[in-house]
Amino acid sequence: MMSKLEALLAERRPLVMGVVNVTPDSFSDGGRYLKVDAAVKRALSMVEEKVDIVDVGGESTRPGAEPVSEETELKRVVPVIQKIREESEVCISVDTSTPEVMRQAALVGCDVINDVRSLTREGALGAAAESGLAVCLMHMKGEPSHMQNNPTYENLIDEIRDFFRERISACDHAGIKRKQLLIDPGFGFGKTALHNLELVNRLRHFKSFGLPILIGVSRKSTIKKILGGNNDNLKIASVAAALIASLNGADVLRVHDVTETVAALRVAQSIVEESIF
Ligand code: 8Y4
């Protein structure tokens, strides 16, 4: 059986993953329904904008974000995935490192586990294998709380490639099929702005694994830095960076601005294929 993600990748065009954040409640009790409903609405609007995958996250893995309890993560993310699935057949990924979130997300119709910690948490490899879902393995140096204080590498590309080799092997031993894996060099995760530029410029160096490459550059601080701190053009700049990543071999682009990225990728594909589709 071909998974939903495999079928999308078989279309041989760059895919767009849209970021759907379930934001924290203002108070511990009320307001959760409003946040869940807003996230579902945004996901369904992305479907109309022709997104390929919606990435549902409880804001626990963003750089500098405070750690979120398993209970909070479950209450934010699971109802959103369940309601998206009731309304649409779109491919859904869950942005989580937590085994119980992986299990419950799978039960309500999730398709992909997007784990910035690459299934290193206790029980995560087993939960992912048991779920049968596809998995995105992302490189991160350090933990979100301190990963941006002076990250150094002897050789950035080699170190990330060694990391992928180790995590792909761990997935193999856990019984996760190679066909179910994606790799992501982790733009912004334990890297300086110059490291991030090198990643996108040399993205083809990760093609040797024979796995699809996912990358997320959208609105990140490296893009802001290039613009000199004026964020007026952050959207178009993010689209430009995603387009270059795609031309350099990225198979999936994780973005906030779906309409604009889809249009840019269509123009690029038309030019490369010399056809209007
Ligand atoms: C403004 C908006 C500033 C967003 C920073 C951010 C990735 C990811 C994130 C990624 C994969 C983010 C969950 C960071 N980034 N997953 N997740 N790859 N696979 N920051 O690059 O969007 S969260």
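Quick note: structure is the one above.
Residues numbered from 1 in each chain as written. Predicted model: local features only at pLDDT ≥ 70, side-chain atom pairs only at ≥ 80, totals over all residues. Heavy atoms only, no water.

Asker: Residue-level account of the side chain of T98, with values.
Answerer: With respect to the element layout, T98 can be found in the loop between β3 (91-95) and α4 (99-107). Note on T98: relative accessible area 6%, which makes it buried. (Helix = DSSP H or I, 4+ residues; strand = E, 2+ residues; numbered from the N terminus. Buried < 20%, exposed > 50% of the residue type's maximum accessible area, 1.4 Å probe, protein only.)

Asker: Could you give an account of the environment of E11, naming the residues involved and the relevant values?
Answerer: Mapped onto the elements, E11 comes out in the loop between α1 (4-9) and β1 (15-21). At 2.9 Å, the side chain of E11 forms a polar contact with the side chain of R13. (Polar contact = N/O pair within 3.5 Å; in protein donor to acceptor, adjacent residues only side chain to side chain.)

Asker: So, the pairing of β1: which residues are in play, and what are the values?
Answerer: Most of β1 is tucked away: 6 of the 7 residues are buried. Bridge count between β1 and strand β8 (residues 252-255): 4 bridges; the pairing is parallel. The residue bridging L15 from the neighbouring strand is V252, located in β8. (Pairing = 2+ DSSP bridges.)

Asker: Residue-level account of helix α10 (residues 258-273), with values.
Answerer: The first and last C-alpha atoms of α10 sit 22 Å apart over 16 residues, in line with the 22 Å expected at 1.5 Å per residue. Within α10, burial applies to V258, T261, V262, A264, L265, A268, Q269 and S270. Immediately downstream of α10, the backbone of E274 shows phi near 50°, a positive value. (Expected span 1.5 Å × (residues − 1).)

Asker: With reference to specific residues and values, describe the site of the ligand.
Answerer: The environment of the ligand is made up of 16 residues, and the closest members are D95, N114, D184, K220 and R254. At 2.6 Å, a side-chain N or O of K220 approaches an oxygen atom of the ligand. Residue R254 places a side-chain N or O atom 3.1 Å away from an oxygen atom belonging to the ligand. Surface burial for the ligand is 90%, taken as the share of its 510 Å² of free accessible area covered by protein chains. Considering only residue class, the shell around the ligand consists of 6 nonpolar, 4 polar and 6 charged. (Near = heavy atom within 4 Å. Areas by Shrake-Rupley, 256 points an atom, 1.4 Å probe, with all protein chains shown as cover. Nonpolar A, V, L, I, M, F, W, Y, C, P; charged D, E, K, R; others polar.)

Asker: Kindly report on unusual backbone geometry, identifying the contributing residues and their values.
Answerer: Here the phi dihedral of S118 falls at roughly 50°; this positive angle occurs in a residue that is not glycine. Along the chain, the position of S118 falls in the loop between β4 (112-115) and α5 (124-131). We classify S118 as buried; its relative accessible area is 0%. The phi dihedral of E274 falls on the positive side, at around 50°, and the residue is not glycine. Secondary-structure assignment places E274 in the segment after α10. The exposure class of E274 is exposed, given its relative accessible area of 74%.

Asker: Got a sec to walk through the sheet that holds strand β5 (residues 134-138)? Specific residues and values, please.
Answerer: Picture the strands of a sheet paired through backbone hydrogen bonds; they go either parallel or antiparallel. With parallel pairing, the 8 strands of this open sheet are ordered in space as β6-β5-β4-β3-β2-β1-β8-β7. In this open sheet, the two edge strands, each paired with only one partner strand, are β6 (181-184) and β7 (214-215). Two strands pair when backbone bridges link them, and strand β2 (residues 53-57) and β3 are joined in this way by 5 bridges, in the parallel orientation. By the bridge assignment, V54 is partnered in β3 with I92. Of the strands in this sheet, β1 and β2 are in contact with helix α2 (residues 32-48), which crosses β1 at around 165°. In the packing of α10 onto the sheet, the strands contacted are β1 and β8, and the crossing angle to β1 comes to about 170°. (Contact = heavy atoms within 4.5 Å. Axes fitted to C-alpha atoms, helices over the stretch in contact; angles between N-to-C directions.)

Asker: Got a sec to walk through the pattern of salt bridges? Specific residues and values, please.
Answerer: One pass over the full model with this rule turns up 17 salt bridges. In this structure, the salt-bridge partner of E71 is K75, at a minimum N-O distance of 2.5 Å. Within this pair, E71 and its partner K75 are both found in helix α3 (residues 70-87), separated by 4 residues, close to a single helical turn. A salt bridge links D257 to K235, with the shortest nitrogen-to-oxygen separation between them at 4.0 Å. Of this pair, D257 sits in the loop between β8 and α10 while K235 sits in helix α9 (residues 234-247); the two residues are 22 residues apart in sequence, bridging distant segments of the chain. Among the residues examined, K235 registers a relative accessible area of 40% and is labelled partly exposed. If you follow the salt bridges from partner to partner, you end up with R219, K235, D257 and E260 in one network. (Salt bridge = Lys/Arg side-chain N within 4 Å of Asp/Glu carboxyl O.)

Asker: Please provide a residue-by-residue account of the packing of aromatic side chains, values included.
Answerer: Scanning all chains against the criterion turns up 3 aromatic pairs. Where F164 meets F209, the ring centres are 5.9 Å apart and the plane angle is 85°; that geometry is what we call edge-to-face. Taken together, the positions of F164 in helix α6 (residues 156-174) and F209 in the loop between α7 (193-201) and β7 put the pair 45 residues apart, joining distant regions of the chain. Grouping residues by exposure puts F164 and F209 together as buried. Three or more aromatic residues joined by ring pairs form one cluster here, namely F163, F164, F206 and F209. Looking at K141, its charged tip hangs above the ring of Y153, at a distance of 4.4 Å from the centre. (Phe/Tyr/Trp six-rings, centres within 6.5 Å; stacked < 30°, edge-to-face > 60°. Lys NZ or Arg CZ within 6 Å of the ring centre and 35° of its normal.)

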